[in-house]
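# Per-entry structural report
If you want the building blocks of each chain, they are given just below.
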Amino acid sequence: MSKLFALTAPPALLVVLVLAPQGVGYDDTPRLPASQWRVHDKARPVPDVVVAGRGAAPPSDAIVLFDGTDLSAWQGREGEAAGWRVDGGVMEVNGSGDIRTRQSFGDVQLHLEWSSPTEIQSESQGRGNSGVFLMGRYEIQILDSFENRSYADGQAAALYGQRPPDVNVTRAPGSWNTYDILFRAPRFEGDELVSPGIVTVLHNGVAVHHAEPFLGATRHREVATYAPHEPQGPIQLQDHGNPVRFRNVWVREL
Ligand code: MG
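Everything in this summary refers to the structure shown in the same document.

Calculation rules
- Residues numbered from 1 in each chain as written.
- Predicted model: local features only at pLDDT ≥ 70, side-chain atom pairs only at ≥ 80, totals over all residues.
- Heavy atoms only, no water.
- Donors = N, O, S within 2.8 Å, 3.2 Å for Na, K, Ca; no water.
- Helix = DSSP H or I, 4+ residues; strand = E, 2+ residues; numbered from the N terminus.
- Buried < 20%, exposed > 50% of the residue type's maximum accessible area, 1.4 Å probe, protein only.
- Pairing = 2+ DSSP bridges.

### With respect to the coordination of the magnesium ion
Those protein atoms acting as donors to the magnesium ion are Asn 129 (OD1), Ser 130 (O), Glu 139 (OE), Gln 141 (OE1) and Gln 238 (OE1), and they sit at 2.2 to 2.5 Å. Spacing between the donor residues of the magnesium ion along the chain follows N-S-x8-E-x1-Q-x96-Q. Of the two residues, Ser 130 sits in strand S7 (residues 130–134) while Gln 238 sits in the loop between strand S14 (236–237) and strand S15 (245–253), which places them 108 residues apart along the sequence. With respect to class, Ser 130 is no different from Gln 238; both count as buried.

Rendered as structure tokens:
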């Protein structure tokens, strides 16, 4: 700043000049394609700081959906109080029906942990069946797929009825499994689908779907199809009649 400018600049402007953070980078580099920013742009805002959780603990900017204490983030399918049993830091399916988040979401990072019943009572789809439905429509299957033969596109971590996981990473009944799901919601223009829902799934830290498109909303014994819907929807957990347990559920909006 020239001495003359400093002497003649109004006081308010001087304050702004002093407080404005000094950018680190360049202002003479080429512009990035389809971007207002240059390569290494000194004016480009730096990302917010988020404190990562230790282990599977939620990061500081997560929306915690279940921390082991209560179902306040959840409701039944008709808006009634969520009826699943909460005990010992876990929630458990108990025959009271599916539960869904009160809040609606579009593009998300979702973390959840689930455990199938220790006591094996049935087989195939009757064993530890539940599921997580993104936007209330697009199911990532939950199933006790540990030494349990079922159809491939219905086993744990499958895009149910559409695509099996690349590998089966399911832990033994009673053990905890983690899902880390990255989901890009489908886009509609009017009644027309302009881009499908796209999902990446890590099962116990292992990638089992990478940027896979959903064919449509989940169906049983039918080919999934899309129908236009709102840009956001609830995350829904399935009550399929088996006492599957959940803990440590959190989401980040992307
Ligand atoms: Mg299911």
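### Section: the sheet that holds S7
Taken together, 5 strands build an open sheet; the order of strands is S2-S5-S14-S7-S8 and the sheet is antiparallel. Looking at the sheet topology across the chains shown, the edges are occupied by strand S2 (74–76) and strand S8 (138–142). By the bridge criterion, 2 bridges tie strand S5 (residues 99–101) to S14 in an arrangement that is antiparallel. When the bridges of S14 are listed, Ile 99 appears paired with Leu 237.

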